[in-house]
Amino acid sequence: MVLDEIEAQKVLKANITASQSILDSRDRSDVLFALLHGDDFNNLLIDKIEYIESENKAKARKKFARNVVHVSGRLLRPVANVYSANGGSIHIDLEGDEKEILINKMSRTRDGKSLREWLKTFWMPLYHSDPNGVIFIEYTTKDELDCWPTYKQISHIQAYKPKGQLLEWILFAPTDVVIDGKKEQVIRLVDDVQDRTYQKKGDEFILLQTIGDKSVTFPHPFGQVPALINSDIENFRGNNRLTPVEAIIPNLEEYARDQSIKTIYKTRMGLPTEWKLSDQCGVCLGSGKNKDKDGACPECDGHGYYTGKDITDIKYIATPESDEAPIRGEDTGGFISPPTEVLQEFRDELKDLDESMHSTHWGTLAGFTTVVQKTATQVFFDSQPMTDKLNDYGDVAEMMEGQIVEWFANLLVPTKTDKSENIASISYGRRYIIDPPDVILEKYERAKKEGDNNTILDRLFNEYLTARYRRDLNFLRIMLLKASIEPYLHLKSDEVLIYFGAIEVQKKILFQNWWATLSSSDFDKSVETLKTEFDKWFTDQNKTVPTTGDGENE
């Protein structure tokens, strides 16, 4: 949307104060940051349990409570698959220097990160914790032409008008600056073509061209408001956006409360109470009263028995009367051990909440447990809901990166005169590795035992290699190449003998000897070429092996 000055003034005056929707979004973001990042966790989330908890216990619980970042971190760990999955492509419809300029910009934004790394590090967490904040592209023409993505949190935004995840216009919250030696309040408004700054004077807004030697009102080159709302999830009954983990926030809050209670219970119950028999005061004879005047006995301070210096650590028990059962010598003192069953109940409850949150968010317990109890085919179908969820993440991640690249091109590529034209096609990989290597290997071995077909076995073995060597991409490439060439990859030698005969067994056994002869340059050859070379090598080796009359090796 292009705002003329009259329309811009209407936007400014209609949003002198932030709307209730913006205020609610700010409060919501504070809670999400506390849950997902631990920011001000104790003050925001550990409240007194009314009618149950005393003020002192509530203060102690708030002081010693631990945040639940470890839970949310574990829950959202599979999201990293969006950026590490195999496959995907980037196509830039440019040539020569222009293409190189844009690719260089994508590979280095700021903080030494590529655009994709920046989105993974900054935007993806904010997608969950500040769904109504925005990613905004700032730029400069001073010294050199440059632009970069920034995060504008919802608390720094006064208002905006959404158009999907894009915006018609955005109005930033007022800030204080010094103008002519005085502190003044200014506010920034950006539409599809203009970046404006106004000085607020009472109920009036004065358009500023410069502040000092800095231009603050100018046409920008992006062709539309260069901002994307962090979340693509719209609230059906409201104007704000939702976090992808909206459904499990109540569980996460319950987890935080239960964990804080468990922490206090463990601290209190972990200290056994000492007890001992009291010695009756010889002055007041156990009455605790001063026999000569009113008040407490000065000898025992009104207790009726002699105490140590600190009675808070010891529970004194009255000595039995003469007609009561006598106390044995070893029973004159000891410790009271508190019950531990409650602690186990809390552990079980927290585990149940953890499991419930995982299954609610991902639609499955795949990736939650490391125990393989099903066939590979069943595991595949169990993990499908997680794959579907990761695809949802991948869709919005692709859109975010693709749109930002277009804005980069609108500034950096002079020949891109049509700002609405798309010159970049970005696809993320969708071959996700959900489980750790040992779990995938266990799935693979079980699948072989169950007799699953080669399609399943190939997929699991490739997943294992990818998970095992994902940090060493060159070695992973070599291992995947080897797996594509090795004869009868999923069969044991005795199985090959039964089905295919002795020569094929020899082929399988000698494959490793041939593989050891290859040099690094061989690993750049195609699968077909290497298979042909192995067959020739094996034939040359096999010429020296005596055979029986029927042509089989002895």
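So, a few notes on the structure that sits alongside this text. No experiment lies behind these values; they were computed from the predicted model shown.

1. A word on the environment of glycine 302
No. 1: As for its placement among the helices and strands, glycine 302 is situated in the loop between β15 (279-280) and β16 (305-306).
No. 2: Spatially, the C-alpha atom of glycine 302 lies 4.0 Å from that of glycine 288, the residues being 14 residues apart in sequence.
No. 3: Every residue in contact with glycine 302, bar those within four places of it in the chain, is listed here: Gly288, Ala296 and Cys297.

2. Details of unusual backbone geometry
No. 1: Not every positive phi belongs to a glycine, and aspartate 180 is a case in point at roughly 55°.
No. 2: Examined against the element boundaries, aspartate 180 turns out to sit in the loop between β6 (175-179) and β7 (182-190).
No. 3: Assessed through its relative accessible area of 77%, aspartate 180 is described here as exposed.
No. 4: Positive phi, close to 50°, is recorded for tyrosine 488, a residue that is not glycine.
No. 5: Locating tyrosine 488 in the fold gives a position in the loop between α14 (473-485) and α15 (493-500).
No. 6: Judged by relative accessible area, which is 24%, tyrosine 488 ranks as partly exposed.

3. Let's talk about the packing of aromatic side chains
No. 1: Counted according to the given criterion, the structure contains 21 aromatic pairs.
No. 2: Summarising the aromatic geometry, the rings of tyrosine 139 and phenylalanine 222 are spaced 5.4 Å apart at their centres and angled 90° between planes, so their arrangement reads as edge-to-face. Taken together, the residues tyrosine 139 in strand β2 (residues 134-140) and phenylalanine 222 in the loop between β12 (218-219) and β13 (227-229) connect sequence positions 83 residues apart.
No. 3: The exposure class of phenylalanine 222 is buried, given its relative accessible area of 1%.
No. 4: One aromatic cluster in this structure is built from Phe511, Trp514, Trp515, Phe523, Phe534, Trp537 and Phe538.
No. 5: Directly above the aromatic system of tyrosine 428 lies the positively charged group of arginine 116, at a separation of 4.1 Å from the ring centroid.
No. 6: The ring of phenylalanine 172 has lysine 152 lying over it, and the distance from NZ or CZ to the ring centre is 5.9 Å.

4. Looking at the pattern of salt bridges
No. 1: Under the defined criterion, the tally for this structure stands at 23 salt bridges.
No. 2: Where lysine 152 meets glutamate 138, a salt bridge forms, and the shortest distance between an N and an O atom there is 3.0 Å. Separated by 14 residues along the polypeptide, lysine 152 in strand β3 (residues 146-152) and glutamate 138 in strand β2 bring together distant segments of the chain.
No. 3: What you see here is one network of salt bridges that share partners, running through Glu138, Lys152, Arg188 and Asp195.

5. A word on the sheet that holds β2
No. 1: Pairing is antiparallel in the open sheet, where three strands are placed in the order β3-β2-β13. Of all the strands in the sheet, the pair left with one neighbour each is β3 and β13. Each strand axis lies, on average, 20° off the axis of its neighbour in the sheet, ignoring direction.
No. 2: Direction of pairing for β2 relative to β13: antiparallel, over a ladder of three bridges. The residue of β13 that forms the bridge with isoleucine 135 is leucine 228.
No. 3: Contacts from helix α8 (residues 115-129) reach β2 and β3, with the element oriented near 15° to β3.

6. Some points on the layout of surface pockets
No. 1: Of the pockets and cavities examined, the largest pocket occupies roughly 1,000 Å³.
No. 2: Lining the largest pocket are 39 residues, with Arg77, Pro78, Val79, Ala80 and Asn81 positioned closest to its centre.
No. 3: If you list the elements that add at least two residues to the lining of the largest pocket, you get α2 (20-37), α5 (69-76), α6 (81-84), α8, α10 (341-362), α13 (454-469) and α14.
No. 4: Sorting elements by how many residues they give to the lining of the largest pocket places α5 first, with seven residues.
No. 5: Taken together, the residues of the lining of the largest pocket break down into 19 nonpolar, 12 polar and eight charged.

7. A closer look at a nonpolar patch on the surface
No. 1: Together, Ile498, Tyr499 and Phe500 make up an exposed nonpolar region whose accessible area comes to about 380 Å².
No. 2: Structurally, isoleucine 498 is set in helix α15.
No. 3: We classify isoleucine 498 as exposed; its relative accessible area is 67%.

8. Examining a negative patch on the surface
No. 1: A cluster of acidic side chains, namely Glu341, Glu345, Asp348, Glu349, Asp352 and Glu355, defines a negative patch on the protein surface.
No. 2: As for its position among the elements, glutamate 345 is in helix α10.

9. Some remarks on helix α12 (residues 437-450)
No. 1: Look at α12: 20 Å from first C-alpha to last across 14 residues, which is about the 20 Å you get at 1.5 Å a residue.
No. 2: What α12 keeps buried is the set Val439, Ile440, Lys443, Tyr444 and Ala447. Here the buried residues of α12 occupy an arc of 140° about the axis, which is enough to place them on one side. For α12, exposure combined with an orientation more than 90 degrees from the buried face picks out Asp438 and Lys449.
No. 3: The first or second residue beyond α12 is glycine 451, which carries a positive phi of 80°.

10. With respect to the pairing of strand β5 (residues 166-172)
No. 1: Within β5, seven of the seven residues are buried, leaving the element largely enclosed by the surrounding structure.
No. 2: Bridge count between strand β4 (residues 157-163) and β5: six bridges; the pairing is antiparallel. Directly across from tyrosine 160, in β5, lies its bridge partner isoleucine 170.
No. 3: Taken together, β4 and the strand that follows it, β5, pair antiparallel across an intervening segment of two residues, in which glycine 164 is found at a positive phi of about 70°.
No. 4: Bridge count for β5 against β7 is two bridges, and the pairing is antiparallel.

11. Concerning the nonpolar core
No. 1: Counting 60 residues, the largest nonpolar core has Val68, Tyr83, Leu102, Trp123, Leu252, Tyr393 and Ile404 as its most contacted members.
No. 2: A per-element tally of this core places helix α11 (residues 376-412) first, with 13 residues.
No. 3: When neighbours within four sequence positions are excluded, tyrosine 83 is seen to be in contact with Arg116, Leu119, Lys120, Trp123, Met124, Ala397 and Tyr428.
No. 4: Counting residues in each nonpolar core, the second largest holds 28 residues, with Leu460, Met479, Phe511 and Phe538 among its members.

12. Some points on α10
No. 1: The terminal C-alpha atoms of α10, which comprises 22 residues, lie 32 Å apart, in line with the 32 Å expected from a rise of 1.5 Å per residue.
No. 2: Within α10, burial applies to Leu343, Phe346, Leu350, Leu353, Asp354, Met357, His358, His361 and Trp362. With its buried residues spanning 135° around the axis, α10 presents them on a single face. Those residues of α10 that are exposed and angled more than 90 degrees off the buried face are Glu341, Glu345 and Lys351.
No. 3: Taken from the residues just after α10, glycine 363 is the one with a positive phi, measuring 75°.

Cut-offs and rules
Residues numbered from 1 in each chain as written. Predicted model: local features only at pLDDT ≥ 70, side-chain atom pairs only at ≥ 80, totals over all residues. Heavy atoms only, no water. Helix = DSSP H or I, 4+ residues; strand = E, 2+ residues; numbered from the N terminus. Contact = heavy atoms within 4.5 Å. Buried < 20%, exposed > 50% of the residue type's maximum accessible area, 1.4 Å probe, protein only. Phe/Tyr/Trp six-rings, centres within 6.5 Å; stacked < 30°, edge-to-face > 60°. Lys NZ or Arg CZ within 6 Å of the ring centre and 35° of its normal. Salt bridge = Lys/Arg side-chain N within 4 Å of Asp/Glu carboxyl O. Pairing = 2+ DSSP bridges. Axes fitted to C-alpha atoms, helices over the stretch in contact; angles between N-to-C directions. 1 Å grid on protein atoms, 1.4 Å probe; cavity = no way out; pocket = protein on both sides within 12 Å on 5 of 7 lines; lining within 4 Å. Points joined across faces, edges and corners; volume = space filled by probe spheres on them. Nonpolar A, V, L, I, M, F, W, Y, C, P; charged D, E, K, R; others polar. Patch = residues over 30% accessible without salt bridge, like charges linked within 9 Å, V, L, I, M, F, W, Y side chains within 5 Å. Areas by Shrake-Rupley, 256 points an atom, 1.4 Å probe, with all protein chains shown as cover. Lys, Arg positive; Asp, Glu negative; His and termini not counted. Charge placed at Lys NZ, Arg CZ, Asp CG, Glu CD. Expected span 1.5 Å × (residues − 1). Arc of directions from axis to C-beta. Core = buried A, V, L, I, M, F, W, Y, C linked by side-chain atoms within 4.5 Å.

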